[in-house]
Amino acid sequence: MVRPVEVAPPSDDKRWRIINATMRRYGYKPHALIETLHAVQEAFGFLDDASLSFVAQRLNVPMSKAYGVATFYHFFSLKPPARHNCVICLGTACYIKGSDQMLKSLGEAYGIEEGEITPDSEFALLSARCVGGCGQAPVAVVDGEVVSGLTPDNVVAMVREKINHAS
Amino acid sequence: MHREEFEQIVQAERDKHRAYEHHINVCTALGCVAYGSEKVVDALEAEVKERGLEHKCKITGVGCLGLCGNGPIMKTEPDNQFYQSVKPSDSADIIDHLGKEPVKRIHLPQNSPFFIGQQRVVLSNAGKIDPEEIESALAFGAYRALFQAATEMTPTEVLREVTASGLRGRGGAGYPTGLKWSTVAKMDDTIKYIVCNGDEGDPGAFMDRSIMESDPHRILEGMAIAAYAVGATEGYIYVRAEYGLGIQRLKKAIRQAEKMGFLGNNIFDSPFSFNVQLRLGAGAFVCGEETALIASIEGQRGNPRPRPPYPAMSGLWGHSTLINNVETFANIAPIILNGSEWFAGIGTKKSAGTKVFALSGKVNRVGLIEVPMGITLRQIIEGIGGGIPDGRAFKAVQTGGPSGGCIPQEHLDTPVDYESLRELGSIMGSGGMVIMDDTSSMVSVARYFMEFCMDESCGKCIPCRVGTAQMHELLTRFVDKEATEADLELLEELCDMVSQTSLCGLGQSAPNPVMSTLRYFRDEYLQCIAPAQEPA
């Protein structure tokens, strides 16, 4: 058996314990890579170079592979998240009910394009291929909560209300 | 656990269930939660408490009750009344009317066309059980089929039942399940794996999500029976990370099943052992393809590889692996309990059983339905779905997501089965059914799906990586009404090339939406061709 490489976490942040526990559960095997990256993203919100390099060394996979996996999957983000985010579903049911128009309205209201974050890091506008909420189409996911009953005209107000309500 | 012990637990749970005079089951699957069903549960509980009815009336958060578009949905038992669009303020009236006439203003009559023609096999417990309590599932027969298989049947007998049932893969392609299981069972491998494909990536599909959220034990039971039949000891459920609620409920279900001894070592005091782990996808559509999914479980980029060897021969970590879709596994327990003949009697000769569809788009009644195979598209759309809203005209129904096609009005009387849909240039797919009215442009729908495939192409093989991008560019020219005759010709040529030469199902089926719209709505493409410029 290959002994796990002893590598110190990038910082003494307590959240690294969760990451270490995840890797330990899988015996520090290379196949734990995706699960570990999920844990990092859940704890820190995104994957930076330091965390990728730490996980790669600890699981004994080349950095190139860790980077390859992190960039292959849409779910992983290499940039810090905004304080609030809104994911517009572009699934078929939402699309034919005008979700692309909603994306446009929001983009104009916040002055950003899909996939971008406002300069003050307050708001990110994202899109998803389908969140499985086709019954309520068109839907958006605002800070993790599914919002329905949207139209291109009310979406900006609805999203703003949700965000203000949260903070 | 012996038979007596098992029966005792089940009986105790049934008694507990029956001790209540009334049950109010409120849907707490994703759709209804978005409409605020959790607040309805709270309000009902508060009302029951205030009236001191805690021992008479039980409020349960259950899985999907079907009519997702009119949520929150709830059902009272034993009155058997459905309510729709329920608000917390309706609580008092609902409780007042228990055992009496239903509350008119929110009542959804049992004879609503939505229920006519539906038959629940996979979803038989959805909406009845609390998906977060194994006890509640046990009261409704969960793990009985596993008990029967592991203690009274030989693996060969289980294989025979599944084969005789005529069940075919519900992931879309329709490969006979019994045949797949037998191939894995025959493999001489010391380690075998069971993999459940819950990477439901097709936009417009939410059947698997609903099953995970409504009855997670049904999936685990199906996997365990499969493991017993083929001789596997380890199982993985691969779920897309977007399905938070489903993941949470599956995790809980695995823990509870392990605790009760339905998963783990020596299940029901037999030599049979089976463990299940959950693996999360990370947002890659291609991972629904079985070899890509296996790569992803191994912690790698989700790149597909050529088949053969099929996963049955060399799958996860090079070992023999059985991969089935969520809904396929969810069909197993009823087959074992009721017998293969019963199952083969539902649906059509070549496509046995029922199919769960996610009905959405421009249709009056949006939701999750389960119908016997062989029902016509018209029965689904005009009957169960209630036709097109706002007095508009039906134009097409899209099945199979980015791998499927659009079926027009003149083929609405086609029965829904694997072969008929394929003949029409679409596929059964995993079960998404998006209805489009006359305001939808078929060319832009085709471009929408092509954009999807272009983004989701893993980039490993050139026909898919470059072909989808070129087709997308051509389709954009059509949408912008700048296309030429030559573009149309090139588009058709590319469709043919990409479908013939791509490595995996994603590329092979990517041209389907274009080909089917070209077949049925060619006029719309022709209208997008710019008039030829006069030579200067």
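Quick caveat, the model's predicted, so the values are computed rather than measured.

Participant: Tell me what's going on with the overall build of chain A, and back it up with residues and numbers.
Facilitator: Along chain A, the regular secondary structure elements total seven helices and four strands. When the elements of chain A are put in sequence order from the N terminus, they spell out α-α-α-α-β-α-α-β-β-β-α. Overall, the C-alpha framework of chain A stretches about 60 × 30 × 25 Å when taken along its three principal axes. Residues classed as buried in chain A amount to 38% of the 167 residues present. For chain A, restricting intrachain contacts to residue pairs at least 6 apart in sequence, the fraction spanning at least 24 positions comes to 58%.

Participant: Quick rundown of the pairing of strand 12 (residues 394-399) of chain B? Include the residues and the values.
Facilitator: Each regular strand carries side chains that alternate between the two faces of the sheet. Residue and element names in this part refer to chain B. Counting buried residues along strand 12, six of its six residues qualify, which places the element largely inside the surrounding structure. Alignment of strand 12 against strand 14 (residues 432-437), held across five bridges, turns out to be antiparallel. Pairing of glutamine 398 across the sheet is with valine 434, part of strand 14. Relative to strand 13 (residues 405-408), strand 12 runs antiparallel, the two sharing four bridges.

Participant: Can you lay out helix 2 (residues 33-44) of chain A for me, pointing to particular residues and giving the numbers?
Facilitator: If you check helix 2 of chain A, its first and last C-alpha atoms are 16 Å apart, about what 12 residues at 1.5 Å a residue would give, namely 16 Å. Within helix 2 of chain A, the full set of buried residues consists of A:Leu33, A:Ile34, A:Thr36, A:Leu37, A:Ala39, A:Val40 and A:Gln41. Those residues of helix 2 of chain A that are buried lie in contact with helix 1 (15-25), helix 3 (49-58) and helix 4 (63-72) of chain A together with helix 12 (290-297) of chain B. A positive backbone phi angle near 90° is found at A:Gly45, which sits one or two residues after helix 2 of chain A.

Participant: Can you break down the sheet that holds strand 3 (residues 140-142) of chain A residue by residue, with the values?
Facilitator: Strands in a sheet are paired, the pairing made by backbone hydrogen bonds, and the direction either parallel or antiparallel. Residue and element names in this part refer to chain A. Across the sheet, four strands lie side by side as 2-1-3-4; this open sheet has mixed pairing. For this open sheet the edge positions go to strand 2 (123-128) and strand 4 (145-147), each flanked by a neighbour on one side alone. Shown here is a sheet whose adjacent strand axes are inclined to one another by a mean of 25°, direction ignored. In the sheet, strand 1 (residues 84-89) pairs with strand 2 via six bridges, with the strands oriented parallel. Within the sheet, the bridge partner assigned to valine 87 lies in strand 2 and is leucine 126.

Participant: So what's going on with the domain arrangement of chain B? Residues and values would help.
Facilitator: All names here are of chain B. Per the domain assignment, the segments of chain B are domain 1 (19-108), domain 2 (143-344), domain 3 (354-437) and domain 4 (442-527). Between the C-alpha centres of domain 2 and domain 4 there is a distance of 34 Å. With nine residues of domain 2 at the contact, the number on the domain 4 side is eight residues. The class makeup of the residues in the side of domain 2 that touches domain 4 is six nonpolar, two polar and one charged.

Participant: Run through helix 17 (residues 442-456) of chain B, naming residues and quoting values.
Facilitator: Residue and element names in this part refer to chain B. Helix length check: helix 17, at 15 residues, gives a terminal C-alpha distance of 21 Å against a target of 21 Å (1.5 Å per residue), a fit within 8%. Most of helix 17 is tucked away, with 12 of its 15 residues classed as buried. Buried residues of helix 17: Met442, Val443, Val445, Ala446, Arg447, Tyr448, Phe449, Met450, Phe452, Cys453, Met454 and Glu456, and no others.

Participant: Can you explain the environment of B:Ile94? Please cite residues and give values.
Facilitator: By the element assignment, B:Ile94 lies in helix 4 (residues 91-96). For B:Ile94 and B:Leu44, which are 50 residues apart along the polypeptide, the C-alpha to C-alpha distance reads 8.6 Å.

Participant: How would you summarise the packing of helix 9 (residues 207-214) of chain B against helix 13 (residues 326-338) of chain B if you had to cite specific residues and measurements?
Facilitator: Residues and elements named next belong to chain B. Running from N to C, helix 9 and helix 13 cross one another at 50°; their axes reach a closest spacing of 9 Å. Overall, the two elements helix 9 and helix 13 adopt an arrangement that is oblique. On helix 13, the residues that touch Met207, Asp208, Ile211 and Met212 of helix 9 are Val326, Glu327 and Ala330. Classifying every residue of the contact of helix 9 with helix 13 gives five nonpolar, no polar and two charged.

Participant: Break down the confidence of the model for chain B for me, with residues and values.
Facilitator: Mean pLDDT for chain B: 95, with 99% of residues reaching 70 or above. Scored by ipTM, the complex comes to 0.89, with pTM at 0.94.

Participant: Give me the lowdown on the interface of chain A and chain B, citing residues and values where you can.
Facilitator: Note: interface size is frequently given as the accessible area lost on complex formation between the parts. The partner chain B presents 38 residues to the 32 residues of chain A that form the contact. Within the residue set of the side of chain A that touches chain B, elements represented by two or more residues are helix 2, helix 4 and helix 5 (92-95) of chain A. Here the element with the most residues in the side of chain A that touches chain B is helix 2 of chain A; it accounts for four residues. Taken together, the residues of the side of chain A that touches chain B break down into 19 nonpolar, 11 polar and two charged.

Participant: Give a description of unusual backbone geometry that names residues and reports values.
Facilitator: A:Pro138 follows A:Ala137 through a cis peptide bond whose omega is -5°. Look at the link from B:Glu77 to B:Pro78: it is a cis peptide, with omega at 5°. Relative to the helices and strands, B:Pro78 resides in the loop between strand 3 (74-77) and strand 4 (81-83). Positioned with a positive phi, B:Asp269 is a non-glycine residue whose angle comes to about 55°. Structurally, the position occupied by B:Asp269 is in the loop between helix 11 (244-260) and strand 8 (275-280). Overall, the presence of 13 C-beta atoms within 10 Å leaves B:Asp269 in the partly exposed class. Positioned with a positive phi, B:Lys481 is a non-glycine residue whose angle comes to about 60°. Structurally, B:Lys481 is set in the loop between helix 18 (462-479) and helix 19 (485-501).

Participant: A description of the sheet that holds strand 12 of chain B should follow, citing residues and the corresponding values.
Facilitator: Residues and elements named next belong to chain B. Judged by pairing direction, the sheet is mixed, and its five strands sit side by side in the order 11-10-14-12-13 without closing on themselves. Edge positions in the open sheet fall to strand 11 (367-372) and strand 13, since each of these has one partner strand only. Strand-to-strand twist of the sheet, defined as the mean angle between neighbouring strand axes without regard to direction, takes the value 30°. Across the face of the sheet, helix 15 (residues 377-384) comes into contact with strand 10 (354-361), strand 11, strand 12, strand 13 and strand 14 while running at roughly 115° to strand 12.

Participant: Tell me about the environment of B:Pro131, residues and numbers included.
Facilitator: All names here are of chain B. Among the secondary structure elements, proline 131 is positioned in the loop between strand 5 (107-108) and helix 5 (134-139). A tally of 32 C-beta atoms within 10 Å means that proline 131 is categorised as buried. Along the primary structure proline 131 and glutamate 213 are separated by 82 residues, whereas in three dimensions their C-alpha atoms are 6.8 Å apart.

Participant: Describe the nonpolar core, with residues and values.
Facilitator: In a soluble, globular protein the nonpolar side chains are often hidden away together inside. Ranked by internal contacts, the top residues of the largest apolar core, which has 224 residues, are A:Ala140, B:Ile225 and B:Ala226. Here A:Ala140 is in contact with A:Cys86, A:Val87, A:Ile88, A:Cys89, A:Val147, A:Leu150 and A:Val159, once residues within four sequence places are set aside.

Cut-offs applied
- Residues numbered from 1 in each chain as written.
- Chains lettered and ligands numbered in written order.
- Predicted model: local features only at pLDDT ≥ 70, side-chain atom pairs only at ≥ 80, totals over all residues.
- Helix = DSSP H or I, 4+ residues; strand = E, 2+ residues; numbered from the N terminus.
- Buried ≥ 20, exposed ≤ 12 C-beta atoms within 10 Å, placed from the backbone.
- Contact = placed C-beta atoms within 7 Å.
- Pairing = 2+ DSSP bridges.
- Expected span 1.5 Å × (residues − 1).
- Axes fitted to C-alpha atoms, helices over the stretch in contact; angles between N-to-C directions.
- Domains from an automatic or database assignment.
- Nonpolar A, V, L, I, M, F, W, Y, C, P; charged D, E, K, R; others polar.
- Parallel < 35°, antiparallel > 145°, perpendicular 65-115°, else oblique.
- pLDDT = per-residue confidence, 0-100.
- Core = buried A, V, L, I, M, F, W, Y, C linked by C-beta atoms within 7 Å.

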